[in-house]
Amino acid sequence: MNDLNFETMQQLQKQLQLKYLDKWGGVYPEKGRDMLLWMMIEAGEAADIIKKKGDTAIIEDSELRARFVEELCDTLMYFNDVMLCYGITPDELAEVYLKKQERNLSRW
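Remember, it's a predicted structure, so these values are computed and weren't measured experimentally.

### Some words on the pattern of salt bridges
For the structure shown, the criterion picks out 2 salt bridges. Close ionic contact of Lys52 with Asp48 constitutes a salt bridge, the shortest N to O distance being 3.2 Å. In this pair, Lys52 and Asp48 both sit in helix H3 (residues 29–53), 4 residues apart, roughly one turn of the helix. Lys52 sits in the exposed class, given a relative accessible area of 62%. Asp48 gets classed as partly exposed once you look at its relative accessible area, which sits at 30%. Its salt-bridge partner being Glu95, residue Lys99 comes within 3.2 Å of it at the nearest N-O pair.

Now the structure itself:
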């Protein structure tokens, strides 16, 4: 699946959320803050690998690299859950992202 995009990721997250609805309670705006905090914890776990093992090890050690990429995936999964909680669509994200990119290109 080399064409993984936000629309596909959101569909996968919806499937996951539906499977564990009884356990996790679903996605809704009030849960968005929790999802955002969990996303930050996962990003922190990725940062912790960098801090403890270093940049070179992530590139050269395949097991460590796999752990690092998995933490990034966890972060991205929670990011998509945050989007779902607040009803942010991939199209909305893309539109704002491209506008922000344009502003960033003209800043300095």
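### As for helix H1 (residues 6–19)
For H1, with 14 residues, the first-to-last C-alpha span of 20 Å sits near the 20 Å given by 1.5 Å per residue. Taken together, the buried positions of H1 are occupied by Met9, Gln10, Gln13 and Gln17. In a view along the axis of H1, the buried residues occupy a sector of 95°, so they form one face of it. Exposed and facing more than 90 degrees away from the buried side of H1 are Gln15, Leu18 and Lys19. Next to the buried residues of H1 lie helix H2 (21–24), H3, helix H5 (62–85) and helix H6 (90–105). Measuring from the backbone nitrogen of Glu7 back to the side-chain oxygen at the start of H1 gives 3.1 Å, which picks out Asn5 as the cap.

Rules behind the numbers
- Residues numbered from 1 in each chain as written.
- Predicted model: local features only at pLDDT ≥ 70, side-chain atom pairs only at ≥ 80, totals over all residues.
- Heavy atoms only, no water.
- Salt bridge = Lys/Arg side-chain N within 4 Å of Asp/Glu carboxyl O.
- Helix = DSSP H or I, 4+ residues; strand = E, 2+ residues; numbered from the N terminus.
- Buried < 20%, exposed > 50% of the residue type's maximum accessible area, 1.4 Å probe, protein only.
- Expected span 1.5 Å × (residues − 1).
- Arc of directions from axis to C-beta.
- Contact = heavy atoms within 4.5 Å.
- Polar contact = N/O pair within 3.5 Å; in protein donor to acceptor, adjacent residues only side chain to side chain.

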